[in-house]
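# Chains, contacts and geometry: an overview
The primary structure of each chain is shown beneath.
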Amino acid sequence: MNKRGHVLNAVFLAVGLGFILEPAGDAATFRTVAAVFVPLVLGALFPDVDTHFGKHRKTLHNLFVLGIVAAYPVYFSNLHWVWLGVLSHYVLDVLGTTRGIALFYPLWDEEFGAPVGVPVSSDFSDAMMLAVTAFELTVAAGLVYVLPNYLPDLSGSLPV
Ligand SMILES: [Zn+2]
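Residues numbered from 1 in each chain as written. Predicted model: local features only at pLDDT ≥ 70, side-chain atom pairs only at ≥ 80, totals over all residues.

The subject of this paragraph is the nonpolar core. One finds Ala-10, Ala-14, Val-36, Leu-40, Trp-83 and Val-86 to be the most contacted residues of the largest nonpolar core, which totals 27 residues. Within the residue set of this core, elements represented by two or more residues are helix 1 (3-21), helix 2 (27-45), helix 3 (63-76), helix 4 (82-96) and helix 5 (125-145). Take this core: its biggest share by element is 8 residues, from helix 4. Setting aside chain neighbours within four positions, we find Val-36 in contact with Ala-14, Leu-17, Gly-18 and Trp-81. (Core = buried A, V, L, I, M, F, W, Y, C linked by C-beta atoms within 7 Å. Buried ≥ 20, exposed ≤ 12 C-beta atoms within 10 Å, placed from the backbone. Helix = DSSP H or I, 4+ residues; strand = E, 2+ residues; numbered from the N terminus. Contact = placed C-beta atoms within 7 Å.)

Pasting the structure below:
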């Protein structure tokens, strides 16, 4: 997916997540959208830094990088929600494009993808991005409403 696709994915995800976490559509909803919006966009942009530094779809497209970014809220109490932008970037690359990502780099160079993607330059890449975003929001809603016990404590990362 190109930069435009990743940014739009993060924007739609932020708005959708705001309504999933605070469904009333009131000020709390919009505060939640605001709280996750910039972190999600930043996280969604981060992995493709490896187009210039390192090997693209390897250096910053793996589970170790995701783990490091996800550890920041736990150990430093900052970068809340950036990990979700990074994760969403991975999901969009894996499901939305024909080329996979090297999930276990640097231990293993193999790129893992799914057979449903379209070429990055395809006319269908926007439709694919929307489909992947809908899938992600469905999973998020499922976690929030059906399996809330599996969610980490979000209280420190969202406005009260
Ligand atoms: Zn990427």
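On we go.
Before going further, it helps to spend a moment on the environment of Leu-8. Tracing the backbone through its elements, the reader meets Leu-8 in helix 1. For Leu-8, a count of 18 C-beta atoms within 10 Å gives the class partly exposed. Between the C-alpha atom of Leu-8 and that of Val-74, which follows or precedes it by 66 residues, the distance is 27 Å.

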